[in-house]
Every structure is written in C-alpha cells, then in structure tokens.
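# Coordinate analysis (summary)
One letter stands for each residue in the lines below.
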Amino acid sequence: MNYTKTDAFLKLKKHHELLTDQRTADLFAAEADRMDKLVLTLDDFIIDFSKNKIDKRALELLCRMAEEVDIKKGVQDMLNGRKINSTEKRAVLHTALRNLDKDFHVDGVNISLGIRDTLNAMCKLAEGVRNGMTTGYTGKRIMDVVNIGIGGSYLGPKMAIRALDKFKTPLINFHFIANVDPVSAERVLKRLDAETTLFIVNSKSWTTDETLTNAAVCREWLVERLGVEAVGAHFVAASSNVPAANDFGLLSANVFGFGDYVGGRYSMWGPVGLPLLIAIGEKNFLELLAGAAVVDRHFADTPFEKNLPVVMALVDLWNIEFLNIGDLAVLPYSTELALLPAYLQQLVMESLGKSVGADGEPIDFATSPLLFGQEGTCGQHSFYQMLHQGSKKIACDFIAPVISSTGDTRSQRKLLANMVAQAEALMIGQKPAETEPNAAFRTFVGDRPSNTILMRKLTPKTLGMLIALYEHRTYATALLMGINAFDQFGVELGKKLAMGIEKELAGTVGAHDPSTTLLINTIKEFIQ
Ligand code: F6P
C-alpha cells in the first residue's frame with residue numbers, strides 16, 4: 001500500500017488545485033488558527049511548518065492519508081521487532097539501543113539484556129580511556145582515538161562529536177579515516193604516536209573493503225612501531241561480525257557487538273557511537289539516548305496532526321507530490337551542526353532512494369529528495385542565489401539552537417536574524433517597481449517552502465531528539481511511499497564492478513564499454 005492508493009490522495013489532488021493560485025503569505029490572513037495548526041512543539045523544540053504552501057484542510061487530508069496507509073501499525077511493527085526490513089528479513093530496532101528501560105524482543109528473544117551489557121562494557125572502556133587507567137601497550141595514556149569506518153560507521157560519530165564539542169574531553173583528540181584514498185590514512189597517521197593511539201574499527205558487517213583496507217594499513221603502521229603483541233591494546237571494534245574481528249587479532253572483550261536489527265545509518269546509538277561515548281562520557285551519552293527516546297515515545301503515541309516526524313513526512317510528501325518540489329536543503333544555523341547535512345544525506349537518501357515498493361512493484365512517483373546543505377550563513381554566500389531565484393524550487397529546513405554554547409549574544413543574534421530573514425524572503429519574495437533598474441533581475445517570486453526547527457540549546461539531549469526526528473520522518477515517509485527504508489541494494493553493483501576493475505588495473509583488462517576501457521587503460525598507463 002502506498003499513498004497513491006488512498007482515498008485521501010484523490011481528495012488532496014482536488015484540494016491542491018484550490019491552492020494553486022494562492023500565495024503562502026496570504027494563507028495567514030485566510031486562516032485564523034494557521035499558527036496553532038502548523039507550529040508544533042515538543043520539549044525544547046518548536047517546528048514551524050507555516051511557511052509551507054499548505055492549509056488546514058490539506059493537513060487534515062494528509063493526516064487521513066497517514067491513517068489509510070496505517071503509519072500507526074508501521075510504527076508498532078517496528079517497535080515490536082517485526083521483520084519490516086522485508087528484503088533482508090530483519091527487524092529494525094535501533095530504538096532498542098536508546099530505550100534502555102524497556103525490553104525489546106526479536107524472534108521471542110529479549111535483545112535488551114545484551115544491549116545493556118554491551119553498553120556497560122563500552123562505558124567501562126570509555127571511562128578507562130578518559131581517566132587514563134586504560135593505557136596503550138607501553139603503559140602510556142591514550143591521547144588520540146582514530147575511528148576507522150565509513151557510511152553509518154563514520155558519519156554519526158563524526159557529526160555528533162563536532163556537534164557536542166563543548167561536552168568533549170579536552171584530553172583526547174579524535175580522528176576519522178573513512179575514504180580508501182591513501183591520503184585519508186596518511187594525513188591522520190602522520191600526526192600520531194603509536195604508543196598513545198587507540199584505533200576503533202567500526203564496521204557492522206566487517207566486509208566493507210574501504211574499512212578493512214584502512215584497518216590493515218593502521219595495523220601495519222602500529223605493528224611496525226610496537227610489534228604484533230601491541231595490537232590487542234591498541235585496537236577495539238564495533239561490529240556485528242565478532243568472529244571476523246577476532247580473526248583480525250582482537251579479543252572478544254574488545255569487540256562491541258550488536259544485532260542485525262540495527263541498520264548502519266541508524267546505528268550511532270550503540271557500539272558505533274563508541275568514539276562519541278569516549279569523547280563526551282557516559283552521562284552525556286545517556287542524555288543523547290534519552291533525548292532520542294523522548295522522540296520515540298512521541299512518534300509512537302502522538303496523534304498525527306501533532307506528531308512532529310509524521311507532519312514533517314506529510315509536508316515533504318505534499319511538496320514532492322503536489323508542488324513538484326522534490327529536493328531538500330538542510331540549513332543548520334550552527335557551526336556545531338555543520339556536518340548534519342552530510343549525515344542526513346546517508347540517512348535519507350540511502351533509505352528513500354528506491355524505485356520499487358516494498359512489494360517489489362515499480363514506483364511511478366518521486367521518492368527520495370536530493371538532500372544537500374551547509375551551515376548558515378556560509379551557504380548564503382554560496383548556493384542561496386539558486387534557492388531564491390533559480391528556476392527549480394527547493395524545500396528548506398532551517399535549523400538553529402537559539403542559545404549559543406559560547407554564551408555570546410551579539411554574533412548569535414546576527415546568525416539567527418539571518419536565518420529568520422532567509423525563510424521570510426523565500427516565502428514573501430519581492431516585486432520591484434517596473435521602473436526600478438534591473439527590476440526583472442531583482443524579482444524574487446517567493447512562495448518557496450521551508451520548515452524552521454528551533455531548539456533552545458544544543459545539548460546531548462537535543463541532538464538526540466533532532467536526529468531521532470529525522471530518523472522517524474524518514475521512516476514515516478517510507479511508510480507513505482510503501483518502500484523499505486532499511487535495505488540499500490543500490491550500493492552493491494558499483495562495489496562488485498570495482499572489485500573486478502581493481503584486478504584489471506593490475507592485470508588483463510576484460511570486456512567493458514569503450515568509455516570504461518579507455519579509463520582503465522589510461523589509469524594503467526599513468527600508474528606505470
Ligand atoms: O553504504 C553501504 C553501507 O552498507 C552503509 O549502509 C553502511 O553504513 C556502510 O556501508 C558501512 O558498512 P559497515 O558498517 O558494515 O562497514
């Protein structure tokens with residue numbers, strides 16, 4: 001079932017026509033209670049949806065659509081451990097990693113006991129590294145932690161460590177090696193002392209070529225300096241493939257495992273978050289989890305019209321389907337949240353970038369947005385020209401913690417003023433008098449939709465809430481579209497071909513199209 005099969009969809013098609021000639025800015029006067037309906041709150045969050053070209057009736061019909069596709073059941077199926085990742089026959093329970101006071105089950109087995117044990121073990125290691133009791137092989141304190149991982153095993157910890165810099169221990173530096181580009185490892189390793197470095201191999205599957213290659217490079221680097229006996233003291237891992245991590249030379253006690261019910265891009269709440277846990281400590285990490293759990297409860301229990309992730313998904317769907325605005329700019333007005341767009345690219349585009357439904361049938365409507373973004377105000381001096389005057393309309397998410405973690409108010413006021421102004425400008429536009437010079441060039445058509453997400457302050461709790469909001473928005477969109485948000489077969493073909501081409505670069509070139517053959521041969525020629 002997807003939204004196009006609902007009765008509400010037919011009604012929305014008609015209703016949408018009534019709105020075509022209206023301007024968003026005029027809807028405020030037309031609807032006395034517009035702000036009550038389109039501004040939602042949760043804890044320290046306010047989300048203002050009112051700058052979207054949507055009215056009360058449309059929202060009402062969209063909520064009815066959500067009833068018809070039975071989002072409620074989709075949420076319950078997820079929380080009850082049903083195998084909603086149907087292609088891979090897996091449950092989806094990243095929520096179990098952060099609702100530690102509840103018991104979750106998969107195939108009748110209580111997975112929460114293991115989750116709590118693993119978290120305790122992680123906290124012990126993190127505390128030891130933070131207080132200097134857990135040392136390297138030669139007894140020296142750990143000063144640098146290197147995360148080796150890619151995709152979900154990289155983006156979450158990196159984004160969150162940057163976001164929570166104010167909560168981070170100053171005694172340890174954090175580094176990330178993700179790309180298989182040799183420069184990536186070299187840039188990090190050249191700054192390190194083997195005796196004081198801890199490597200975390202972060203790979204759910206332990207089959208990801210980039211990560212295994214980088215792990216081997218780092219292992220060789222360490223062995224050259226401290227000998228093979230030192231590996232156990234300088235390498236730990238987050239993985240659901242414990243035997244493979246053991247083969248790498250790691251003791252089981254140093255491998256923090258998790259189940260296949262945690263998808264890579266939903267995994268920062270558990271062992272994948274180990275670098276973050278070391279950075280911010282147990283108390284703050286638990287607050288992050290608690291923040292996400294607040295949103296989990298809200299998602300499960302709140303009526304659709306007040307349910308933040310559901311309304312976010314419904315507004316997205318409205319923009320994509322009815323206004324032909326299929327792409328999304330994520331614009332955090334926060335240097336701390338600068339990596340949020342990159343994080344959300346994987347979350348949203350790997351989850352929703354599908355063109356068959358969960359039933360295997362082709363889909364004939366637009367699915368994933370092209371998601372991009374940059375921290376404000378830097379983006380304003382880069383791509384905002386296109387947001388305001390480009391011929392393609394893009395939906396925007398403006399996001400800001402209101403109180404700066406620096407305590408400053410002067411620059412912060414400017415920052416927030418810019419954000420509010422951008423959202424206003426996108427909506428109201430500007431029509432200069434025809435007599436004005438360059439009037440056509442100074443015209444802003446306006447009516448460009450945006451959501452504004454304000455939180456009081458960026459803390460571990462509000463970061464947890466923010467990420468969980470986007471996770472559930474993504475799942476709610478997938479339910480509306482009838483797609484499986486939790487597989488990612490689209491990454492496989494390129495990986496498979498790369499394995500063959502890698503061999504050909506060192507041997508005989510096989511059969512390819514002329515373009516690919518030319519590229520392989522040119523690389524071979526340059527390499528020699
Ligand atoms: O990009 C494909 C993917 O499987 C992601 O979903 C995942 O986050 C990433 O690769 C890394 O996978 P792993 O943690 O298994 O190394």
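Reference entry: report on the structure contained in this document. (Residues numbered from 1 in each chain as written. Predicted model: local features only at pLDDT ≥ 70, side-chain atom pairs only at ≥ 80, totals over all residues. Heavy atoms only, no water.)

### Thoughts on the pattern of salt bridges
Just so we agree on the cut-off: Any Lys or Arg side-chain nitrogen found within 4 Å of a carboxyl oxygen on Asp or Glu counts as a salt bridge. The helix and strand labels rest on DSSP assignments: H or I over at least four residues marks a helix, E over at least two residues marks a strand, and numbering proceeds from the N terminus. Buried, partly exposed and exposed residues are distinguished by accessible area as a fraction of the type maximum, computed with a 1.4 Å probe on protein chains only: under 20%, between the cut-offs, and over 50%, respectively.
As enumerated under the stated definition, the model contains 23 salt bridges in all. Lys-53 serves as the salt-bridge partner of Asp-447, at 3.2 Å between the closest nitrogen and oxygen. Here Asp-447, found in the loop between helix H16 (410–428) and strand S13 (450–457), pairs with Lys-53, found in the loop between strand S2 (45–48) and helix H4 (56–68); they are 394 residues apart in sequence, far enough to count as distant. Lys-53 carries the same exposure label as Asp-447, and that label is buried. Here Asp-316 makes a salt bridge to Arg-473, at a shortest N to O gap of 2.7 Å. Taken together, the residues span a long stretch of sequence, with Asp-316 in helix H13 (residues 308–322) and Arg-473 in helix H17 (residues 460–481) at a distance of 157 residues. Arg-473 matches Asp-316 in its accessibility class, with the two residues each being buried. Several salt bridges share partner residues, and in doing so they unite Lys-73, Asp-77 and Arg-82 into one network.

### Considerations on the site of the ligand
Short version of the rule: By convention in these notes, a residue is near a molecule or strand provided one of its non-hydrogen atoms lies within 4 Å of it. The term polar contact refers here to a pair of N or O atoms within 3.5 Å; inside protein, the definition further demands a hydrogen-donor-capable atom paired with an acceptor-capable atom, and it admits residues adjacent in sequence only when both atoms are side-chain atoms. Throughout, the Shrake-Rupley method with a 1.4 Å probe supplies accessible areas, and for residues the shown protein chains are the sole cover considered.
In the vicinity of the ligand, 14 residues are found, and the nearest of them are Gly-152, Ser-153, Ser-203, Ser-205 and Thr-208. Take Gly-152: an N or O atom from its main chain is 2.7 Å from an oxygen atom of the ligand. Ser-203 places a polar side-chain atom, nitrogen or oxygen, 2.6 Å from an oxygen atom of the ligand. Bound to the protein, the ligand loses 86% of the 390 Å² it would expose on its own.

### A few points about the pairing of strand S1 (residues 39–42)
Heads up, the rule is: By the convention used here, strands pair only if DSSP detects at least 2 bridges between them.
Burial of the side chains of S1 is restricted to one face: Leu-40 and Leu-42 are buried, whereas none of Val-39 and Thr-41 on the reverse face is. Sheet analysis places S1 next to S2, joined by 4 bridges and oriented antiparallel. Paired with Leu-40 across the bridge in S2 is Ile-47. Adjacent in sequence and paired antiparallel, S1 and S2 are bridged by 2 residues, among which Asp-43 carries a positive phi angle near 55 degrees.

### Looking at unusual backbone geometry
Across the junction of Gly-376 and Thr-377, the peptide omega takes the value 5 degrees, indicating a cis bond. With respect to the helices and strands, the residue Thr-377 is situated in the loop between strand S11 (371–373) and helix H15 (384–389). The backbone of Asp-107 shows a phi angle near 50 degrees, a positive value even though the residue is not glycine. With respect to the secondary-structure elements, Asp-107 resides in the loop between strand S3 (105–106) and strand S4 (109–110). Its identity is not glycine, yet Trp-206 carries a phi of approximately 55 degrees, on the positive side. Its place among the elements puts Trp-206 in the loop between strand S7 (197–202) and helix H9 (209–226).

### Concerning the packing of aromatic side chains
Keep this limit in mind: Between rings of Phe, Tyr and Trp, where Trp is taken as its six-membered ring, a pair exists when centres lie within 6.5 Å; planes separated by under 30 degrees are stacked, by over 60 edge-to-face, and by other angles tilted. Geometrically, a charge over a ring is one whose NZ (Lys) or CZ (Arg) sits within 6 Å of the ring centre while staying within 35 degrees of the ring normal.
A full pass over the atoms with the stated rule returns 14 aromatic pairs. Ring centres of Phe-199 and Phe-235 lie 4.8 Å apart, and the angle between their planes is 20 degrees; this geometry places the pair in the stacked category. Here Phe-235 lies in strand S8 (residues 235–238) and Phe-199 lies in strand S7, a separation of 36 residues in the sequence. Side by side, Phe-199 and Phe-235 carry an identical accessibility label, which is buried. Pairwise contacts between aromatic rings join Tyr-3, Phe-9, Trp-318, Phe-322 and Phe-365 into one cluster. Note that Arg-34 overlies the ring of Phe-28, its terminal NZ or CZ placed 4.9 Å from the centroid. Between Arg-219 and the ring centre of Phe-248, over which it is positioned, the NZ or CZ distance is 5.4 Å.

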